Amino acid sequence: MRASAYHISTLKEAPNDAEIASHQLMMRSGMIRKLAGGIYNYMPLGLRVIRKVENIIRQEMDAAGALELLMPVVQPAELWVESGRWEQYGPELLRIKDRHGRDFVLQPTSEEVITDIARNEIQSWRHLPVNFYHIQTKFRDERRPRFGVMRGREFTMKDAYSFDRDVAGAQKSYQVMFDVYMRIFERLGLTFRAVAADTGSIGGSQSHEFQVIADIGEDLIVYDPHSDYAANIELAPAPCLLRERAAPGVPMQSVATPEATKCEMVAEMLKVPLSHTVKSIVLATEPKDKPAQIWLLMLRGDHELNEIKVGKIAGLNKGFRFATEAEIVEHFGCKPGYLGPVATKQPVRVVADLTVAHMHDFICGANQEGAHLTGVNWVRDLPEPDLVTDLRNVVEGDRAPDGTGTLSIQRGIEVGHVFYLGTKYSEALKATFLDENGKPALMEMGCYGIGVTRIVGAAIEQNHDAKGIVWPRAIAPFEVAICAVGWGKSEAVRKACETLYAELKARGVDVILDDRDQRPGIMFAEWELIGPPVRITVGERSLNDGVVEILGRKQTEAARVSLADSINQTLALL
Ligand code: ATP
Ligand code: MG
């Protein structure tokens, strides 16, 4: 590729809405241009990187025996009604009508369509197992699109779906995909972690996420540095921090805590550690044809509620919301900020976190404005909770679930997700096959997603410096940039550049020759921003000494290398 014939369009400044490095650098280097919120044009430079990511994914998927097909972006609503997700999927699902008033969706994922294909195409156990995948545009009307391609509304995903005869087969398919993902992310040159994950709205029972480690990541990963344990915080079980409940030590007392509506304020006012306080969170559920049920969730003051865990509690697992102020006043006789489990005005269902259920002499709201209770004890001052369960997020230093080490937390960007689905979709869409005895049986399914465009953002997040992007070779838009200094006036420069360019191309190197006759400073800054792993500078003065300059993107000092050695040196640097 010659730069004069390519579209290079860099910006000095990133637009204001680009908050993080990868978004800024993708804009500045000219990889993407915004068309609408969360919707981007992939410019030639950006598309080169996306294609390289896709090719690595495709090679590894094909090598594992998965079969590529292509399903449409626009899908009929009927299939989504059949699976139940027309109702369940929230506003992220973009619904459209055709000219006849028929409903369609822009696909956010393809379980429905692939299961429809499977029920039509697969009749016999002889056709199984099979794994179909495609690399296709997805649309999710995200509540908060941000960070450029990292959380877009339109994005590219590789999604694969496995079909098996039985659970054992499905688990094998899952393991194959897990291993494929490990290879893909290694080849992409990313620092990542595979973590146990929640199954969310897609359903199923086993799942892992592949998380690229980055401070701006939206996910919290809990791991034990001394073992293999790693899980998304959504899923990671939090231990009970107290072995047993100690006997009451002091009488219960009401103390004035004016304006102290948060545990932090109460602890400060009463000069006690935050861990002596208990916070109250009030939720509501609406069972069919019955008045709303009010729930009081109790957590230690220094702990955080884990809503995923809450969503798995019987009675709360069909959907819950935070109670309204009116509901709170009706049940507690007091406005929020001073709520607690002792002597509520109306009965509420009390759910205590494991640790809270083992506390004694704790502090909680008195259900009276401007007052808290100290020295509160289970049994003596209030009945045992209706339910004791893990409600909280793990914190740094918690005991690991395997009981050995302690847990650390880091941030990650979810770039891949594998699910064992079981028969959730085959049952809903009646995808059966005839087993060896000629009896119809449901297909066992798995699904496996990779965020192709998100990977590009994540890779930059992990690989950049003050000057620009520092690409891993595998997905660099170009591997080498030859920068000609004095292209217009020096025949020797042109000749040396052409020779280098031809030889590198002959060796299979993805090289671009900058023949735009630009001033060196501008040209160098541009290539540092775009970030190919190696830059070769060819100028008349050094050519007179028979040398060119070779600079690795991670290096600060260029090496002067004889023209004869330059190809080998470049290959060695790559
Ligand atoms: P998230 O929790 O980040 O919204 P998800 O759990 O909804 O992700 P999946 O449904 O598992 O994501 O989709 C598979 C992959 O698609 C994700 O691992 C991620 O890499 C990518 N992906 C999901 N949503 C987006 C988005 N809005 N923009 C870009 N990539 C996305
Ligand atoms: Mg999502």
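Parameters and conventions
- Residues numbered from 1 in each chain as written.
- Chains lettered and ligands numbered in written order.
- Predicted model: local features only at pLDDT ≥ 70, side-chain atom pairs only at ≥ 80, totals over all residues.
- Heavy atoms only, no water.
- Helix = DSSP H or I, 4+ residues; strand = E, 2+ residues; numbered from the N terminus.
- Contact = heavy atoms within 4.5 Å.
- Areas by Shrake-Rupley, 256 points an atom, 1.4 Å probe, with all protein chains shown as cover.
- Lys, Arg positive; Asp, Glu negative; His and termini not counted.
- Charge placed at Lys NZ, Arg CZ, Asp CG, Glu CD.
- Near = heavy atom within 4 Å.
- Polar contact = N/O pair within 3.5 Å; in protein donor to acceptor, adjacent residues only side chain to side chain.
- Buried < 20%, exposed > 50% of the residue type's maximum accessible area, 1.4 Å probe, protein only.
- Pairing = 2+ DSSP bridges.
- Core = buried A, V, L, I, M, F, W, Y, C linked by side-chain atoms within 4.5 Å.

Caption draft 1: Local environment of the overall build of the chain. Across its full length, the chain carries 16 helices and 31 strands. Counted over contacts in the chain with a minimum sequence separation of 6, partners at least 24 positions apart contribute 69%. About 26,200 Å² of surface is accessible on the chain, with carbon and sulfur atoms providing 50% of the total. Charge centroids of the chain, computed over 66 positive and 77 negative side chains, lie 3 Å from each other.

Caption draft 2: Expanded view of the site of ligand 1. Not every one of the 14 residues close to ligand 1 is listed here, only the nearest: Arg140, Glu142, Arg151, Gly152 and Glu414. Here a nitrogen atom of ligand 1 sits 3.5 Å away from a polar atom, N or O, in the main chain of Met150. Protein contacts shield 85% of the accessible area of ligand 1, which totals 580 Å² for the unbound molecule. Looking at the shell around ligand 1, the elements that each hand over two or more residues are β8 (154-164) and β21 (408-422).

Caption draft 3: Representation of the side chain of Arg553 within the structure. Inspection of the secondary structure assignment puts Arg553 in the loop between β30 (547-552) and β31 (559-562). According to the relative accessible area criterion, Arg553 is buried, its value standing at 10%. At 2.8 Å, the side chain of Arg553 and the side chain of Asp465 are in polar contact. Residue contacts for Arg553: discarding those within four places in its chain leaves Asp465, Lys467, Gly468, Ile469, Val470, Glu528, Gly531, Pro532 and Pro533.

Caption draft 4: Expanded view of the pairing of strand β29 (residues 534-539). With 6 of 6 residues buried, β29 lies mostly within the body of the structure. Going residue by residue along β29, you find Val534, Ile536 and Val538 tucked away on one face and Arg535, Thr537 and Gly539 tucked away on the opposite face as well. Taken together, the 4 bridges between β29 and β30 define a ladder with antiparallel strand orientation. Directly across from Val534, in β30, lies its bridge partner Gly552.

Caption draft 5: Helix α14 (residues 520-530), seen in detail. Burial in α14 covers these residues: Met523, Glu526, Trp527, Glu528, Leu529 and Ile530. Summarising the contacts, the buried residues of α14 are in contact with α1 (21-28), α2 (44-63), β26 (468-469), β27 (480-485), β28 (511-514) and β29. Immediately downstream of α14, the backbone of Gly531 shows phi near 85°, a positive value.

Caption draft 6: Highlighting the nonpolar core. Met31, Phe185, Leu188, Val456, Trp471 and Trp527 are the most contacted members of the largest nonpolar core, which has 62 residues in total. The element best represented in this core is helix α6 (residues 167-187), accounting for 8 residues. Those residues in contact with Val456 that lie beyond four places of it in its chain are Met26, Met31, Val49, Ile50, Val53 and Trp471. Among the nonpolar cores identified, the runner-up in size contains 27 residues, and Val278, Ile294, Leu296 and Ile328 belong to it.

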